[in-house]
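Fold and geometry: a report
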There are 2 protein chains.
Amino acid sequence: MTYCVGLTLDDGLVYISDTRTNAGVDDISVFGKMHTIVKPGERTMTMLSSGNLATTQMVVNILENRIKAESDFESRLADASTMFEAADIVGSTLRKVIGSFADKGSDGEKKFHGTMILGGQIAGDEPRLFLIYPEGNFIEASKDTPYFQIGETKYGKPILIRAYSRSMCFEDAVTLLLVSFDSTIKSNLSVGLPLDVQVYSRDSFRQGLQFRIDKGNDYYEMISSGWGDALRRAFDRLPKFSFDASVAAESEHFESRSA
Amino acid sequence: MTYCVGLTLDDGLVYISDTRTNAGVDDISVFGKMHTIVKPGERTMTMLSSGNLATTQMVVNILENRIKAESDFESRLADASTMFEAADIVGSTLRKVIGSFADKGSDGEKKFHGTMILGGQIAGDEPRLFLIYPEGNFIEASKDTPYFQIGETKYGKPILIRAYSRSMCFEDAVTLLLVSFDSTIKSNLSVGLPLDVQVYSRDSFRQGLQFRIDKGNDYYEMISSGWGDALRRAFDRLPKFSFDASVAAESEHFESRSA
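Attention in this report is confined to the structure presented alongside it. (Residues numbered from 1 in each chain as written. Chains lettered and ligands numbered in written order. Predicted model: local features only at pLDDT ≥ 70, side-chain atom pairs only at ≥ 80, totals over all residues. Heavy atoms only, no water.)

Topic: the interface of chain B and chain A
- Taken residue by residue, the interface counts 58 residues in chain B and 58 residues in chain A.
- Carbon and sulfur atoms supply 70% of the area buried between chain B and chain A, which totals about 5,500 Å² over both sides.
- When the buried surface of chain B facing chain A is broken down by residue, Arg-162, Phe-235 and Phe-241 of chain B rank first, second and third, together holding 16% of it.
- Counting across the interface, chain B meets chain A through five salt bridges.
- Taking the shortest distance from any N to any O, the salt bridge between Arg-162 of chain B and Asp-182 of chain A comes out at 2.6 Å.
- Our count for the contact surface shared by chain B and chain A stands at 14 residue pairs in polar contact (both at pLDDT 80 or more).
- Counting residues per element, the ones that place at least two in the side of chain B that touches chain A are β5 (34-39), α5 (157-163), α6 (170-187), β12 (209-213), α7 (218-237) and α8 (245-255) of chain B. (Contact = heavy atoms within 4.5 Å. Buried area = accessible area lost by both parts, 1.4 Å probe. Salt bridge = Lys/Arg side-chain N within 4 Å of Asp/Glu carboxyl O. Polar contact = N/O pair within 3.5 Å; in protein donor to acceptor, adjacent residues only side chain to side chain. Helix = DSSP H or I, 4+ residues; strand = E, 2+ residues; numbered from the N terminus.)

Structure follows, in structure tokens:
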């Protein structure tokens, strides 16, 4: 499994991905799932990937032009005039790679699926963020849906729903994402440290500030234990439920049903 | 979808289930997923069900003896000498019902799956709680795994992991479960109000206090909005992340990679 999030903010874009890859619980490895292509002063694009690692690595390698392909993909990405066009290039590459496994085994196509997040900015346009499906089509983030998650998305979603705000600063966004990742890592063994974090500042048109958070990172440890305590304190402060008269009255009805 | 939880406490057992059933998003209905069989003074058993509604309703009807079956299932449940034996009866019934659809369509067996939680107490034994799989086998809750969730389990799990304690009172347990359900309902349309709640007091051997929480229930509304506020406050109080020297140093390394 995998957990990656791309977030749009007024100030720019934030990306975070775990690095765990597993083929069964007895075969766990660390692989980066975050790839960035930069043309300083003009454009920067970052891809996050989930799903079959062979598929997404091939997609990234084709796009970064490390594989002889029919056309010059990297220059196609580097020349895309809009992020929308770039998303289309990534999507069709993803679709083509997955399709190439379609006849390999009974359900090869499904097994070798991948889903990607593409974010970035090209001079003359706003920072934009896309979610790209295995079928090669894609959707763009908006004010209503300002972030995308891929992989094991559920455990970490409730806190994003509640605490995200488009106007938050980068520091708060990183804190929020670490809380979301901590909830996921505590619940699903197949999502694991280290985490790759990247922060892209709007209109900077260069590689965003990127760093890795590994086991033993003081801040992550503090969030991990601190958030548990904060949740328990928040829970303790909630108004307590009481079995009041109305509940007791309703329960009479049930008691008469006994066999 | 569905979300149900069975919880063991020092004081007894707590069950909660949503009531939403859907065949597509355009066909949503309300069905109870909580069924109780009581022999006052001697035993009480409660079943929660998720999965295909036709399957689980048939299982419950067979077990409650409303369908002519080969053997007298209700009396078998009513005569089971241990909860373990009762779980075995529920499991084999579930397996038999699912198996009867095995040849109905290409993947009938998988499509008509169901999973159940069975809890209860028989005089002379402790209150016990089981998770019963579509294959008919089952596992029992223990001090290490003191609760079971079925259906859409992920959104509501982080708060259970953090705030559950075996020694909590019934009122706190209901509050905790409502928080867990609220997170799930906010994230997945196919889990919905009203909720059925039942509280079984250890050694009472009668139908537990059962009530329904519907839209507009003052306490649920208060939890629903109050928990969102509490989460945001807890988040705001976390120590803030800062892009300190070490991060900045590492980022140099990344900046030099630009293409």
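Here the narrative resumes.
Description of the pattern of salt bridges
Residues and elements named next belong to chain B.
- Within the structure shown, the criterion is met by 27 salt bridges over all chains.
- The closest approach of N and O atoms between Arg-166 and Asp-10, which form a salt bridge, is 3.1 Å. You can see Arg-166 sitting in the loop between α5 and α6 and its partner Asp-10 sitting in the loop between β1 (3-9) and β2 (12-17), a full 156 residues away along the chain.
- What makes Asp-10 partly exposed here is its relative accessible area of 36%. (Buried < 20%, exposed > 50% of the residue type's maximum accessible area, 1.4 Å probe, protein only.)

Details of the relation of the copies chain B and chain A
- Superposing chain B onto chain A takes a rotation of 180° combined with a translation of 0.0 Å along the rotation axis, leaving an RMSD of 0.0 Å. What the superposition gives is, in effect, a two-fold axis relating one chain to the other. Considering only C-alpha atoms, the residue of chain B closest to the rotation axis is Tyr-155 of chain B, which sits at 2.4 Å.
- When the interface residues of chain B are mapped onto chain A, 100% of them again fall at the interface, so both copies present the same face. (Least-squares fit on C-alpha atoms with pLDDT ≥ 70 in both.)

Here we look at the packing of helix α1 (residues 53-63) of chain A against helix α3 (residues 83-99) of chain A
Residues and elements named next belong to chain A.
- One can describe the packing of α1 onto α3 by two numbers: an axis separation of 9 Å at closest approach and a directional angle of 130°. Comparing the axis directions of α1 and α3 gives the class oblique. As α1 packs across α3, the resulting crossing turns out to be right-handed. In contact with Thr-55, Met-58, Val-59, Ile-62 and Leu-63 of α1, α3 contributes Ile-89, Val-90, Thr-93, Leu-94, Val-97 and Ile-98.
- For the contact of α1 with α3, a count of residues per class yields nine nonpolar, two polar and no charged. (Axes fitted to C-alpha atoms, helices over the stretch in contact; angles between N-to-C directions. Parallel < 35°, antiparallel > 145°, perpendicular 65-115°, else oblique. Left-handed = near helix turned anticlockwise from the far one by under 90°. Nonpolar A, V, L, I, M, F, W, Y, C, P; charged D, E, K, R; others polar.)

A look at the side chain of Gln-198 of chain B
Residue and element names in this part refer to chain B.
- Along the chain, Gln-198 turns up in strand β11 (residues 195-201).
- On the basis of relative accessible area, Gln-198 is assigned to the buried category, the value being 0%.
- Looking at Gln-198, its side chain comes within polar contact range of the side chain of Thr-46, at 3.3 Å.
- Polar contacts involving the side chain of Gln-198 include one to the side chain of Gln-210, which spans 3.0 Å.

What to know about the sheet that holds strand β9 (residues 138-140) of chain A
All names here are of chain A.
- Within the open sheet, the five strands sit side by side as β5-β6-β7-β8-β9. Their pairing is antiparallel. Both outer strands of the open sheet, β5 (34-39) and β9, are each paired with one neighbouring strand and no more. For this sheet, the mean angle separating the axes of adjacent strands, direction not counted, is 20°.
- As judged from the nine bridges shared by strand β6 (residues 43-51) and strand β7 (residues 114-122), these two strands associate in the antiparallel manner. Across the sheet, residue Leu-48 finds its bridge partner in β7, namely Ile-117.
- Against the sheet, α1 contacts β5, β6 and β7, and its axis sits at roughly 160° relative to β6.
- Against the sheet, α3 engages β6, β7, β8 (128-132) and β9, with an angle of about 160° to β7. (Pairing = 2+ DSSP bridges.)

Regarding a positive patch on the surface
- Among the surface-exposed residues, Arg-233 and Arg-237 of chain A together with Arg-233 and Arg-237 of chain B lie close enough to one another that they form a single positively charged patch.
- Listed by contribution, the elements that provide at least two residues to the positive patch are α7 (218-237) of chain A together with α7 of chain B.
- Residue placement: Arg-237 of chain B occurs in helix α7.
- According to the relative accessible area criterion, Arg-237 of chain B is exposed, its value standing at 55%. (Patch = residues over 30% accessible without salt bridge, like charges linked within 9 Å, V, L, I, M, F, W, Y side chains within 5 Å. Areas by Shrake-Rupley, 256 points an atom, 1.4 Å probe, with all protein chains shown as cover. Lys, Arg positive; Asp, Glu negative; His and termini not counted. Charge placed at Lys NZ, Arg CZ, Asp CG, Glu CD.)

Examining the nonpolar core
- Leu-7, Leu-178 and Trp-227 of chain A together with Leu-7, Leu-178 and Trp-227 of chain B are the most contacted members of the largest nonpolar core, which has 74 residues in total.
- Ignoring sequence-local partners within four residues, the contact set of Leu-7 of chain A consists of Gly-12, Leu-13, Val-14, Leu-129, Pro-146, Tyr-147, Tyr-164, Ala-173 and Leu-177 of chain A. (Core = buried A, V, L, I, M, F, W, Y, C linked by side-chain atoms within 4.5 Å.)

Considering the environment of Met-58 of chain A
- Checked against the element boundaries, Met-58 of chain A lands in helix α1.
- Measuring from C-alpha to C-alpha, the distance between Met-58 of chain A and Val-97 of chain A comes to 7.3 Å, with 39 residues separating the pair along the chain.

Focus: the packing of aromatic side chains
- Applying the stated criterion across every chain yields a total of 20 aromatic pairs over all chains.
- A connected cluster of aromatic rings, assembled from ring pairs, spans Phe-211 and Tyr-219 of chain A together with Phe-241 and Phe-243 of chain B.
- The side chain of Lys-240 of chain A reaches across the aromatic face of Phe-235 of chain A, ending 4.7 Å from its centre. (Phe/Tyr/Trp six-rings, centres within 6.5 Å; stacked < 30°, edge-to-face > 60°. Lys NZ or Arg CZ within 6 Å of the ring centre and 35° of its normal.)

Overview of the pairing of strand β1 (residues 3-9) of chain A
Residues and elements named next belong to chain A.
- Within β1, seven of the seven residues are buried, which leaves it mostly tucked inside the rest of the structure.
- Where burial is concerned, the two faces of β1 agree: the one with Tyr-3, Val-5, Leu-7 and Leu-9 and the one with Cys-4, Gly-6 and Thr-8 are both buried.
- Here six bridges tie β1 to strand β2 (residues 12-17), and the two strands are oriented antiparallel to one another. For Gly-6, the partnering residue across the bridge sits in β2 and is Tyr-15.

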